[in-house]
Amino acid sequence: MDTQSVGGVPASGRRSALVPNWLKYDCNVALGKALALGLADIKSSSDSLTARAILSVLALAKGELKLGAMLSQLDDSELDEWIEHRVAWSELYNK
């Protein structure tokens, strides 16, 4: 699932004043379809990049734009750094 073409465009349109009124309905329909596809696909995802892409689409479809953007943009090293700094991951889980 491509987060830019499936989730990114409609999600940005949902909250943007730049999207014309005549297009908002179609954007909301697309978000609903992206949500349904993401929920179906997450069950069969077998790698972390696919799972992260699907989770970002789900977040965008639910209106969690910052979370969706963060999930779609973080690479593994940035995620590792963030979770270590914010959650002290190695102290809690690598004992």
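The sections below set out a description of the structure shown in this document. (Residues numbered from 1 in each chain as written. Predicted model: local features only at pLDDT ≥ 70, side-chain atom pairs only at ≥ 80, totals over all residues. Heavy atoms only, no water.)

**Some remarks on a nonpolar patch on the surface**
Move 1: Together, Trp-82, Val-87, Trp-89, Leu-92 and Tyr-93 make up a nonpolar patch on the protein surface, roughly 500 Å² of accessible area in all.
Move 2: Only helix H5 (76-87) and helix H6 (89-93) provide two or more residues apiece to the nonpolar patch.
Move 3: When residues in the nonpolar patch are grouped by element, the largest group, 3 residues, is from H6.
Move 4: Its location among the elements puts Trp-89 in helix H6. (Patch = residues over 30% accessible without salt bridge, like charges linked within 9 Å, V, L, I, M, F, W, Y side chains within 5 Å. Areas by Shrake-Rupley, 256 points an atom, 1.4 Å probe, with all protein chains shown as cover. Salt bridge = Lys/Arg side-chain N within 4 Å of Asp/Glu carboxyl O. Helix = DSSP H or I, 4+ residues; strand = E, 2+ residues; numbered from the N terminus.)

**A word on the packing of aromatic side chains**
Move 1: Inspection of the entire model under this criterion finds 1 aromatic pair.
Move 2: Ring centres of Trp-89 and Tyr-93 lie 4.4 Å apart, and the angle between their planes is 40°; this geometry places the pair in the tilted category. Highlighted residues: Trp-89 and Tyr-93, both in helix H6, separated by 4 residues, approximately one helical turn.
Move 3: Tyr-93 gets classed as exposed once you look at its relative accessible area, which sits at 52%. (Phe/Tyr/Trp six-rings, centres within 6.5 Å; stacked < 30°, edge-to-face > 60°. Buried < 20%, exposed > 50% of the residue type's maximum accessible area, 1.4 Å probe, protein only.)

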